[in-house]
Amino acid sequence: MKSKRINPALSLVIPVYNEAAVLPALVKRLTALAGKLPSRTELIFVDDGSKDQTVSIIKKARFAFPVKIIQFTRNFGHQAALWAGLQEAQGQYVVSLDGDLQHPPELIPKMLRLHKQGYEIVLTRRVDSDGLAFSKKASARFFYRLINLLSNTPVEPNSSDFRSLGRKALDSLLALPERRKFLRGMVQWLGWETVILPFEVSRRAAGESKYSVYKMARLALHGLTSFSTMPLFLSAIFSLILFIAAALYAAYVLYIRFFSDKVIEGWASVLFVTLVIGGFISLFVGLLGIYLAALYDEVKGRPEYLVKEKYVS
Ligand code: UDP
Ligand code: MG
């Protein structure tokens, strides 16, 4: 390891997946900012299985700081890439940001000033702007409402993975053993002094979003299952209510059958009860399945990513 690498003051962790189109702009912005960052800064790019020129562009680029590239064997996902970068980071402060310039690197000096004021964690909050599609804003709003309703750990609405961690916060984060990562929740679970920095999200500088609807839904599901078991409790409570109602109704039916001349008729009521109970049962079994899958994933204990190559400039 080169001596200039020892003890960096700041590490920037940037996950990239097929970002060849945006990299030239990123290089430019980071270079322009270099004078305002500590001289002992390191750049850590995590290549999440890109199929394009991402890695070769980073290797060729002339950054003002030493560069590391962690190249995955395939696409393991944004959270896994962030985690790999955080594990690699040596800095006293570690900032993670997207490679597409939606997270303005110009905020980093301000983040560092906030650390100096005693905050161990600097989170950001996206201020809604034209940089974000309506569908993304609406689904995010719904998701953060839901998770805050269900979870004991508050999750900052409209937070993103643009944040800065002090060494103490980072080390305690890295000690969390779970495989399914939802970093936005995990960081807030830690409890270190936190400050929130609002920022206006810009449009992607180039290229297209690498977050498919499937990947977004998976992240949301991982967030919900790892931060709340409330759905399981709620389903137990609903089942109890349903059970009591069913028992009362069954008693009523038996009473009519044996002690009254009345005849209860109608297939509609039978169908109604069957459908309601059947619906709840399948819903709750599905819910159990979701938590079982989460448990299964954790128990398997596979690594979250595999590294093909590590490159150090
Ligand atoms: N990314 C990644 N792996 C993925 C998807 C995305 O490393 O499987 C990176 C991507 O290159 C970008 C960041 O994560 O630097 C955020 O992704 P993107 O900008 O596509 O998501 P969006 O801003 O649309 O939510
Ligand atoms: Mg983006």
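As shown above, the structure is provided for reference.
The text that follows walks through the structure, step by step, so that each part is easy to find. Since this is a predicted model, take the numbers as computed values, not measurements.

**A few points about the site of ligand 1**
Within the structure, ligand 1 sits among 18 residues, and E19, D48, D100, S209 and K210 are positioned closest to it. With respect to ligand 1, the backbone of K210 contributes an N or O atom lying 2.4 Å from an oxygen atom. Partitioning the shell around ligand 1 into residue classes produces four nonpolar, six polar and eight charged.

**A few points about the coordination of the magnesium ion (ligand 2)**
Ideal values for angles at a metal depend on the geometry: 109.5 degrees with four tetrahedral donors, 90 or 180 degrees with six octahedral donors. For the magnesium ion (ligand 2), the full set of protein donor atoms is D100 (OD) and Q102 (OE1), and the range of their distances to it is 1.9 to 2.0 Å. Each of the two residues, D100 as well as Q102, counts as buried.

**A look at the packing of helix α5 (residues 134-150) against helix α8 (residues 213-227)**
For the pair α5 and α8, the least separation of the axes is 10 Å and the interaxial angle reads 10 degrees. Here α8 runs roughly parallel to α5, going by the angle between their axes. On the side of α5, the interface is formed by K136, S139, F143, L146, I147 and L150, while α8 contributes M216, A220, G223, L224 and F227. Its residues assigned to classes, the contact of α5 with α8 comprises eight nonpolar, two polar and one charged.

**Concerning the packing of α8 against helix α10 (residues 267-300)**
Where α8 contacts α10, the axes come no closer than 10 Å and their chain directions differ by 90 degrees. Between α8 and α10, the angle is such that the two are roughly perpendicular. Where α8 approaches α10, its residues L221, L224 and T225 are matched on the opposing element by I290, Y291 and A294. Residue composition of the contact of α8 with α10, by class: five nonpolar, one polar and no charged.

**Focus: the environment of S239**
Here S239 is to be found in helix α9 (residues 230-259). Considering only alpha carbons, one finds S239 and I281, 42 residues apart in sequence, at a separation of 8.5 Å.

**Brief notes about helix α6 (residues 167-174)**
By the burial criterion, the buried members of α6 are A169, L170 and L173. Down the axis of α6, the buried side of the element spans an arc of 100 degrees, and every buried residue falls inside it. Where α6 is buried, its residues meet α3 (78-88), β4 (93-96), β5 (121-127), β6 (163-166) and α7 (183-190).

**A look at the pairing of strand β1 (residues 10-16)**
For β1, the tally of buried residues reaches seven of seven residues, placing the bulk of the element in the interior. Burial along β1 is two-sided: L10, L12, I14 and V16 facing one way and S11, V13 and P15 facing the other are all buried. Here β1 pairs with strand β2 (residues 41-47) via seven bridges, running parallel. Across the sheet, L12 pairs through a bridge with L43, a residue of β2. Handedness of the β1-helix α1 (residues 23-33)-β2 crossover: right-handed. Examined bridge by bridge, β1 and β4 share four bridges and lie parallel to one another. Paired with V13 across the bridge in β4 is S96.

**A closer look at the pattern of salt bridges**
If you walk through the whole model with that rule in mind, you get 14 salt bridges. We note a salt bridge from D161 to R163, for which the minimum N-O separation is 2.5 Å. Linked through salt bridges whose partners overlap, the residues forming this network are E19, D100, R204 and K210.

**Considerations on the sheet that holds β4**
Strand order in the open sheet formed by eight strands is β7-β5-β6-β4-β1-β2-β3-β8, with mixed pairing between adjacent strands. In the strand order of this sheet, the two ends are held by β7 (194-200) and β8 (307-312), each with one partner. Here the strands of the sheet are splayed against their neighbours by 20 degrees on average, with no regard to which way each runs. In this sheet, β6 lies alongside β5 in antiparallel orientation, the contact comprising two bridges. Bridge assignment links V122 to a residue of β6, and that residue is S164.

Here is what the cut-offs are and how they apply
Residues numbered from 1 in each chain as written. Chains lettered and ligands numbered in written order. Predicted model: local features only at pLDDT ≥ 70, side-chain atom pairs only at ≥ 80, totals over all residues. Heavy atoms only, no water. Near = heavy atom within 4 Å. Polar contact = N/O pair within 3.5 Å; in protein donor to acceptor, adjacent residues only side chain to side chain. Nonpolar A, V, L, I, M, F, W, Y, C, P; charged D, E, K, R; others polar. Donors = N, O, S within 2.8 Å, 3.2 Å for Na, K, Ca; no water. Buried < 20%, exposed > 50% of the residue type's maximum accessible area, 1.4 Å probe, protein only. Axes fitted to C-alpha atoms, helices over the stretch in contact; angles between N-to-C directions. Helix = DSSP H or I, 4+ residues; strand = E, 2+ residues; numbered from the N terminus. Parallel < 35°, antiparallel > 145°, perpendicular 65-115°, else oblique. Contact = heavy atoms within 4.5 Å. Arc of directions from axis to C-beta. Pairing = 2+ DSSP bridges. Right-handed = clockwise from strand over helix to strand, strands pointing away. Salt bridge = Lys/Arg side-chain N within 4 Å of Asp/Glu carboxyl O.

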